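Architecture and fold: a report
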Amino acid sequence: MKRLRVASGVLASLVAGFVLLVIPKPQAGVGHEDAAAPAAAIKLPERPVELLIELGIEDEEQVRWKGELKLSEGRVLSLELVQGSRDSKLDGSAFDVRTARRPGKAPARRKQGAKAQTKAGAKQPKAGAKAKKQQAAQPKKAARKAAQAKKQAAGAAAEKPFHLVPARIRATLDAPLSAKAEVVTSHGSFSFALEDATQGKPQTFLDGQAAVSGELAAVRLTAAKTEDDFPVMAQGSDGTVWLAYVAYTAGPPILMDRILQGGFEALEPKGNGDQIRLMRFDGKQWHAPINATEGNLDLWRPTISVDGQGVVWLVWAQPVDGNWEIFSRRYTPGDGAAA
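The paragraphs below set out a description of the structure included in this document. (Residues numbered from 1 in each chain as written. Predicted model: local features only at pLDDT ≥ 70, side-chain atom pairs only at ≥ 80, totals over all residues. Heavy atoms only, no water.)

Digging into the overall build of the protein chain
Scanning the protein chain from terminus to terminus reveals 6 helices and 19 strands. Out of the 339 residues belonging to the protein chain, those deemed buried represent 32%. The long-range fraction of contacts in the protein chain, counting pairs at least 24 apart against all pairs at least 6 apart in sequence, stands at 64%. Total accessible area on the protein chain is roughly 21,500 Å²; 53% of this is exposed by carbon and sulfur atoms. (Helix = DSSP H or I, 4+ residues; strand = E, 2+ residues; numbered from the N terminus. Buried < 20%, exposed > 50% of the residue type's maximum accessible area, 1.4 Å probe, protein only. Contact = heavy atoms within 4.5 Å. Areas by Shrake-Rupley, 256 points an atom, 1.4 Å probe, with all protein chains shown as cover.)

In structure tokens form, the structure reads like this:
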């Protein structure tokens, strides 16, 4: 987690429960009331499918993969870069990505290694006999070649202290399983049925350079720009479900070059913090979140409750002058919010 607040959080949760017992119904002047209507509803896909597309699996140098994902039925909701170079770009159903560099030696590939070992084992008697003859005839020459090969391998490892990993794209679709998908790239195209891709086994294409796996997708309700956690839910007497959570906004990235030069002020957190957001589900669709608190705060584990009058109560812990205190806020759905 972002902060170590376990001990204080447990105490805050206990006190929050006590507050809810002490104040069972809304009272004038308690907390803050917000009757503003939430934004437009979130459109949920009827047939969500998620694909993981890997490109450049066998690349030995960074290669650009440019192309587009097409569907015979349905639509591409979004493309998200899971892994790839920093200059990779996604736009709608189009992509322009490159393999990414990772420090260290590349991990061994079991399947290819086993296949190569089997072939080598089949030729071992013949190759072994020939090798023995050559070693017996030219032992010094063989030793020199072995030493030279070892030196070259060490030099190559020193020149490239990294390995390449394939570009990975997560595609979220709204399409029936009967639809066919086609991935058109600058290095060739391949197609597959969504029903086959969601069977749990990855499919490989383009001589092992590309792979696709899929599953029936969950639907993300929160924004991708924040780290969202501590979700809590409560249901009102009218059936409306209310969801509250903490949205954490990260600050600017740490510049290691600045730190190495002695600029340790770069380690001080800036522009980051928590914000509690509130969402509702009316039985058909989720509505966009509204802000229950200001941003850039330090918050811990909200709790939520809906009283008999339909008023939503939020209680959470927040530090004030070094001490954790209990805060509450109530939300009264207005005519526009209780549609």
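A word on the sheet that holds strand 13 (residues 227-235)
Strand pairing in a sheet relies on backbone hydrogen bonds, with the paired strands running either antiparallel or parallel. Spatial ordering of the open sheet is given by 13-14-15-16, a layout of 4 strands whose pairing is antiparallel. Since the sheet does not close on itself, it has two edges, and those belong to strand 13 and strand 16 (290-291), each with one partner. Summarising the sheet, strand 15 (residues 273-281) and strand 16 pair through 2 bridges and their orientation is antiparallel. Paired with Leu278 across the two strands is Ile290, which belongs to strand 16. (Pairing = 2+ DSSP bridges.)

Some remarks on the packing of aromatic side chains
Both the distance between ring centres and the angle between the ring planes are used here to describe each pair of aromatic rings. Inspection of every chain in the model, using the stated rule, returns 7 aromatic pairs. Counting every residue linked through ring pairs, the aromatic cluster contains Phe190, Phe192 and Phe205. (Phe/Tyr/Trp six-rings, centres within 6.5 Å; stacked < 30°, edge-to-face > 60°.)

Here we look at the environment of Tyr245
For Tyr245, the location among the structural elements is in strand 14 (residues 241-249). In sequence terms Tyr245 and Val232 are 13 residues apart; their C-alpha atoms lie 6.4 Å from each other. Apart from the residues lying within four places of it in its own chain, the contact partners of Tyr245 are Thr222, Asp228, Asp229, Phe230, Pro231, Gln275, Ile276, Arg277, Met279 and Pro289.

Digging into the pattern of salt bridges
Tallied over the entire structure, the rule returns 8 salt bridges. Put simply, Arg47 and Asp174 hold a salt bridge, and the shortest N to O gap is 3.7 Å. Of this pair, Arg47 sits in the loop between helix 1 (6-22) and strand 1 (48-55) while Asp174 sits in strand 8 (residues 167-174); the two residues are 127 residues apart in sequence, bridging distant segments of the chain. Residue Asp87 is joined to Arg98 by a salt bridge in which the shortest nitrogen-to-oxygen separation is 3.3 Å. Note that Asp87 is positioned in the loop between strand 3 (75-83) and strand 4 (89-91) and Arg98 in strand 5 (residues 94-98), a separation of 11 residues in sequence. Overall, Asp87 belongs to the partly exposed group, its relative accessible area being 32%. Salt bridges here are not isolated pairs; linked through shared partners, they connect Arg64, Asp87, Asp96 and Arg98. (Salt bridge = Lys/Arg side-chain N within 4 Å of Asp/Glu carboxyl O.)

A closer look at the nonpolar core
One finds Leu51, Leu55 and Phe192 to be the most contacted residues of the largest nonpolar core, which totals 24 residues. Of all the secondary-structure elements, those providing two or more residues to this core are strand 1, strand 2 (64-71), strand 5, strand 8, strand 9 (180-185), strand 10 (188-193), helix 5 (194-197) and strand 12 (210-216). Other than its neighbours up to four places away in sequence, Leu55 contacts Trp65, Phe95, Val97, Thr99, Pro166, Ala167, Ile169, Thr185, Phe190, Gln209 and Ala210. Core analysis: the next-biggest nonpolar cluster, separate from the first, contains 18 residues, Phe230, Ala234, Ile276 and Ala317 among them. (Core = buried A, V, L, I, M, F, W, Y, C linked by side-chain atoms within 4.5 Å.)

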